[in-house]
Amino acid sequence: MKKIQTKWLLAGALGGLTVAGAFWALKPTVEIPPKLDTPIIALPAGLAAPDLVVATPNLASLPAALLKVPFFKQVFTEDAVDYYEHHPDKLGLEGALRRIAFEHELNLQDHFIHALLSEPAEMAMWKSDDGRPGHWVLRIKKNNFASLLSWVAKAALSDTQLSVDGSINKTPLYKLQFGGDDALWFFSQNNKLVVLSDKSWLEGKQAAAWTKLLTKLTTDTPNPLLQHYGVQAASSGHTVVANMRYLSFGYQSLFANVKALRMDVAAVDEKNGWFSHVLLNKQTHWDGMPLWQSAPDGAALCLSAPVDWKTLAPVSKKANIPADWLAQLEPAAGVCWYPDSSLYSPLLLAQTKKPEQFAKHAPQLFDWLIGASEASLRDEEHARLPVRKSKKDSGLLLQRAVSANDGNLSKDAKDAAPSADKITSGRYFDVSMAQSGASIVFSPDRKLVTTAMDVQKKRYAALADRMEGPKQGYIAPEALSQLLQKATMATLPGESQPLMQSAAVTYLLPHLKAIGEFPATGLQLSPSADQRKDQHWERLEWRKPQ
């Protein structure tokens, strides 16, 4: 049976918020836009594109530069910079190098790592199995690597932590072990130092292609990993790009024309401010306002994107619904989170061009997609609770109760869904989908769906009433702060681990509360200096809703 999958929405939205949320507050007083027309060149076939890339004139100064942005300065404070300056991995690495230098009677300057990172650098990162960007390639440019290589070559002959571990196109590949089980690999040529988190690139079918690419990093040619996003080496200011595939946790195929988010921040000693852009495939334009006309007011965060519904054709086929049925859906969809609901139960919004055609197949699709096998019903013909279909205010309402440990409803409540007593766990979602005219809404939280239906009948205010002009998104920091605080407290272990509970309350909640001090903001795309008709960057502006 299919399970409800909503956590990806949380991951995508909050990932996008982490990358782009920095742009709340005042516009920069002096605007010098980043160079956006750098050629976008795809990687060789079979090579995975990075999930994140960074280009910086000084890697060590990047955390401090980010604190120039009002959101980061207010929420993360100087503690973020101190954390990375004294990170255990960094301290362990410095300790290993100092031991090697001492035992081999080699000179190593104080704060060697900081000095090494205070150089122009380019970094590409990929998601590891735990969801973090745990695989990475770092290229650092420095004029006097010859003495460093002599130092390394001498020590690698007899050291237990530093050794030669293969080669890259005849250039020695060194392995440095530190902090117990941690290790990194590096090689250098032509005043370029390339550092790898692991050797996965040099194994398997693509090893030859990756070896060729890594070799190219030791030349003066542009970095292919940055060129994939049209980013050039930074001579002034910092650039961070996040792939939408990473932010959406694998669901980017639904909105394939939105490729990446980009943040450009001036260097610490400059006053050119910051910029945010979205990488779009083709001249893609959409208006979120029709969606927000169906969304109840009071949302914490709403995002929209163009959707390629054809990617759901295999699902439609499995449900015995003609795939051409998807053509009646408007090519945009939205998602909203509300402070009185939960992170796991957002409201999804879409529009149909042909309400009658949608209503014809919606019950069949809902029945096929939604539901979980209930233990008490496994001996019966149908192991799921029945779909409840009703007419509400001349609209279609479909509902099914589904067991879930993190469900927002209790089966013992007075207003529990019919047959809720047969639910396996003590809690459940009363998953609901409704259609009223062209509007389609869906959520694991039935209250959000019924409220959205009230919006259609003018019995409840719409989110669109707060906005003027086309908006692709909306953030209400005060409501978002409430939602994140509630979610944090709900996930803590409570009295079973009092130290963790106390640490979260003392150190995490103040940062979440600080989010609420910013004003409500509308997100709007506008043309940039990039006039290409295929892949191109568009400006993401942060404006007051009215």
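Coordinates for the structure precede this section.
Residues numbered from 1 in each chain as written. Predicted model: local features only at pLDDT ≥ 70, side-chain atom pairs only at ≥ 80, totals over all residues. Heavy atoms only, no water.

A. Examining the overall build of the protein chain more closely. Counting its regular elements, the protein chain contains 16 helices and 21 strands. For the protein chain, the residues scored as buried account for 53% of the 546 residues in total. Sequence-distant contacts in the protein chain: of pairs separated by 6 or more residues, those separated by 24 or more amount to 66%. (Helix = DSSP H or I, 4+ residues; strand = E, 2+ residues; numbered from the N terminus. Buried < 20%, exposed > 50% of the residue type's maximum accessible area, 1.4 Å probe, protein only. Contact = heavy atoms within 4.5 Å.)

B. Highlighting the packing of aromatic side chains. A complete count under the given rule lists five aromatic pairs for this structure. The interplanar angle of 85° and the centroid separation of 5.8 Å between the aromatic rings of W126 and W210 together place this pair among those described as edge-to-face. Remark: W210 occurs in helix α8 (residues 207-216) and W126 occurs in strand β2 (residues 121-126); sequence separation between them is 84 residues. Taking relative accessible area as the criterion, W210 reaches 7% and is therefore assigned buried. Judged by centre distance (5.6 Å) and plane angle (20°), the ring pair of W325 and F358 falls under stacked. Residue W325 is located in the loop between α12 (313-318) and β12 (332-337), and its partner F358 is located in helix α13 (residues 355-369); the two are separated by 33 residues in the primary sequence. The pair formed by W325 and F358 is uniform in burial state, with each residue classed as buried. (Phe/Tyr/Trp six-rings, centres within 6.5 Å; stacked < 30°, edge-to-face > 60°.)

C. Examining the pattern of salt bridges more closely. This structure, assessed with the given rule, holds 17 salt bridges. Between D51 and R245 there is a salt bridge whose closest N-O contact spans 2.7 Å. With D51 in the loop between α1 (7-20) and β1 (52-56) and R245 in helix α10 (residues 244-247), this pair connects stretches of sequence that are 194 residues apart. Residue E122 is joined to R139 by a salt bridge in which the shortest nitrogen-to-oxygen separation is 3.0 Å. (Salt bridge = Lys/Arg side-chain N within 4 Å of Asp/Glu carboxyl O.)

D. The arrangement of the nonpolar core in detail. Core analysis: the largest hydrophobic core is formed by 105 residues, its most contacted members being F186 and W292. One finds L36, F187, L213 and L225 within the second-largest nonpolar core, a separate group that totals 31 residues. (Core = buried A, V, L, I, M, F, W, Y, C linked by side-chain atoms within 4.5 Å.)

E. Spotlight on α13. Here α13 is 15 residues long and its end C-alpha atoms lie 20 Å apart, about the 21 Å a rise of 1.5 Å per residue gives. Helix geometry: α13 is bent most strongly at A362, by close to 40°, with proline P363 lying one to four residues after it. Among all positions of α13, only F358, H361, A362, P363, L365 and F366 are buried. Buried residues along α13 sit in contact with α12, β14 (388-392), β15 (395-403), β17 (427-436) and β18 (439-443). Among the residues trailing α13, G371 stands out with phi positive, at a value near 140°. (Expected span 1.5 Å × (residues − 1). Bend = angle between axes of the 7 residues up to and from the residue.)

F. Fine view of the state of the cysteines. As enumerated under the stated definition, the model contains one disulfide in all. Between C302 and C336 runs a disulfide, and the two sulfur atoms are separated by 2.0 Å. Taking the torsion about the sulfur-sulfur bond, which here is approximately 120°, the covalent link between C302 and C336 counts as right-handed. Residue C302 is found in strand β11 (residues 301-306), and its partner C336 is found in strand β12; the two are separated by 34 residues along the sequence. Of the two residues examined, C302 and C336, each falls in the buried class. (Disulfide = S-S within 2.5 Å.)

G. Representation of unusual backbone geometry. Although it is not a glycine, K170 adopts a positive phi angle of roughly 75°. By the element assignment, K170 lies in the loop between β4 (162-168) and β5 (171-178). The exposure class of K170 is exposed, given its relative accessible area of 80%. Positive phi, normally seen in glycine, also occurs at N190, with a value near 55°.

H. Just α8, in detail. Listed in full, the buried residues belonging to α8 are A207, W210, L213, L214 and T215. Check the buried side of α8 and you find it contacts β2, β3 (135-141), β4, β6 (182-189), β7 (192-196) and α9 (224-227).

I. The arrangement of the pairing of β17 in detail. Of all 10 residues in β17, nine are buried; the element is thus mostly enclosed. Here strand β16 (residues 409-410) pairs with β17 via two bridges, running antiparallel. Paired with L409 across the strands is Y428, a residue of β17. In this structure, β17 lies alongside β18, joined through five bridges in antiparallel fashion. Looking at the pairing, S432 lines up with S443 of β18. In this structure, the hairpin formed by β17 and β18 is closed by a connection of two residues, where G437 is found at a positive phi of approximately 65°. (Pairing = 2+ DSSP bridges.)

J. Structural context of the environment of A305. Looking at the secondary structure, you find A305 in strand β11. On the basis of relative accessible area, A305 is assigned to the buried category, the value being 15%. In this structure the C-alpha to C-alpha distance between A305 and L254, which are 51 residues apart in sequence, comes to 9.1 Å. With near-sequence residues (within four places) excluded, A305 lies in contact with F255, V258, W286, A332 and A333.

K. Representation of the pairing of β18. With respect to burial, β18 is a largely interior element, five of its five residues being buried. Residues S439, V441 and S443 of β18 are buried on one face, and the alternating residues I440 and F442, pointing to the opposite face, are buried as well.

L. Quick peek at the packing of helix α15 (residues 477-491) against helix α16 (residues 498-515). Between α15 and α16, the least distance of the axes is 8 Å, while the angle of their chain directions is 165°. Between α15 and α16, the crossing angle belongs to the class labelled roughly antiparallel. In this structure, the crossing between α15 and α16 has a hand that is right-handed. Between α15, through P477, L480, S481, L484, Q485, T488 and M489, and α16, the contact on the second element is made entirely by Q501, V505, L508, L509, L512, K513 and I515. Taken together, the residues that form the contact of α15 with α16 break down as nine nonpolar, four polar and one charged. (Axes fitted to C-alpha atoms, helices over the stretch in contact; angles between N-to-C directions. Parallel < 35°, antiparallel > 145°, perpendicular 65-115°, else oblique. Left-handed = near helix turned anticlockwise from the far one by under 90°. Nonpolar A, V, L, I, M, F, W, Y, C, P; charged D, E, K, R; others polar.)

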